[in-house]
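If you want the building blocks of each chain, they are given just below.
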Amino acid sequence: MSQQNAGFDPARNARGAVWGVVIASFTLSALPAAAQSGVESYPDRPIRLIDPYPPGGGSGVVARLIGDKLVAAWGRQVIVDSRPGAAAAIGTELAARATPDGYTLVMGTSGSIAMNPGMYPKLAYDPVKDLAPITQTSSQPMIVVLHPSVAINSVKELVAYAKAQPNKLNFSSSSTGGSGHLAGELFKAMTKTEMIHIPYKGSGPATLAAISGEVQLTFNNILAALPHVQGGKLKAIAITSRERSKSLPKVPTVAEAGVPGYEATSWNGMFAPARTPTAIVNKLNAEVVRILKTPEVRDRFIAMGADPVASTPEQFGAYVKSEIARWGKVIRDNNIQAD
């Protein structure tokens, strides 16, 4: 059978091919315009910013501060949604599984992003594969604080007491596997002391436990603990970072107070679900970075004991990978396990 008898018409098919090229060209040329239009209109409805910890913690403080400024800049509601539980895994997984359209974001911390993978091999989310970094918002030391009634006033006294009375001291943290927990475990390993870890559901409750006397001390985020130190409800004996805090210049670091080489800092950052359009991630980054660089916000962070960071998505992504590797090694080397 010939092509012509089979219904093959060269002229008609040529015309069809031409129209196919025209339609394809039109579609391809329209896609960037449509995508650009979507970015220009973003956000056109409320944004949900998940805080995977209870209210009163450091990540919540940062989330609300930035959220308020985003509302002022874009005129769209930013709902800070507290979803605590399972060492921040519940809220973080919720964000990782959300529609990647820029309308669900999550605050990540050194605990939920960098430490959880080493503590929980069956973690329900992969911080690198399931989340898109927007920017690191802040970096801050943790602070070693005690109830004022505890007769310990320095790191050396803490070490001496813990060695003389093994497991007589209880220390609280925001969660099992969180930054405060690992800071305490690292302290125990480096000083060869034994203390009992009591995990709470967030740095706010962990701080309140020390204030009420439920525990004798806490390794906690300075954002949550500093107001209570300034108010006399807690006694600060050391800062966990390499350098002293500008907010508490008279309080020594753990390293200079008797544990050379000790360092443990925590951080906060903003993430979107993986596969969120790059243009939307970049738009969020540009606005949040602008906010973090304003004198008002910068001064507010410093007053709380934190340093604003304002990194690019690429810089933040690389930092996240390095932090996962760093804390994974600390966990393995010191055989730190979930309680």
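Refer to the preceding data block for the structure.
Residues numbered from 1 in each chain as written. Predicted model: local features only at pLDDT ≥ 70, side-chain atom pairs only at ≥ 80, totals over all residues. Heavy atoms only, no water.

1. Side note on the pattern of salt bridges
At step 1: Summed over all chains, the structure comprises 12 salt bridges.
At step 2: Note that R290 is salt-bridged to E287, the shortest N-O span being 2.6 Å. Highlighted residues: R290 and E287, both in helix α9 (residues 278-292), separated by 3 residues, approximately one helical turn.
At step 3: Given the relative accessible area of 13%, E287 is considered buried.
At step 4: E323 is the salt-bridge partner of R326, the closest N and O atoms lying 3.7 Å from each other. Of this pair, R326 and E323 are both found in helix α11 (residues 313-333), 3 residues apart, which corresponds to roughly one turn of the helix.
At step 5: Look at R326 and you get partly exposed, because its relative accessible area is 31%.
At step 6: Judged by its relative accessible area of 5%, E323 falls in the buried class.
At step 7: Ionic contacts of the salt-bridge type, sharing partners, join the residues D44, R45 and D101 into one network. (Salt bridge = Lys/Arg side-chain N within 4 Å of Asp/Glu carboxyl O. Helix = DSSP H or I, 4+ residues; strand = E, 2+ residues; numbered from the N terminus. Buried < 20%, exposed > 50% of the residue type's maximum accessible area, 1.4 Å probe, protein only.)

2. A few points about the packing of aromatic side chains
At step 1: Evaluated as defined, the whole model comprises 8 aromatic pairs.
At step 2: Centroid distance F171 to F219: 5.4 Å. Interplanar angle 75 degrees. Geometry classified as edge-to-face. Of this pair, F171 sits in strand β5 (residues 170-173) while F219 sits in strand β7 (residues 217-221), and the two are 48 residues apart along the sequence.
At step 3: Ring pairs connect the aromatic residues F171, F187, F219 and Y262, which therefore count as one cluster.
At step 4: Here the guanidinium or amino end of R45 rests over the ring plane of Y103, the centre of that ring lying 3.6 Å away. (Phe/Tyr/Trp six-rings, centres within 6.5 Å; stacked < 30°, edge-to-face > 60°. Lys NZ or Arg CZ within 6 Å of the ring centre and 35° of its normal.)

3. Regarding unusual backbone geometry
At step 1: Geometrically, the link from Y42 to P43 is a cis peptide bond, its omega value of -5 degrees lying close to zero.
At step 2: By the secondary structure assignment, P43 is in the loop between α1 (10-41) and β1 (47-51).
At step 3: At A310, a residue that is not glycine, the phi angle is positive and equals roughly 60 degrees.
At step 4: Of note, N335 is a non-glycine position whose phi angle comes to about 50 degrees, a positive value.
At step 5: With respect to the helices and strands, the residue N335 is situated in the segment after α11.
At step 6: Residue N335 is classed as exposed on the basis of its relative accessible area of 56%.

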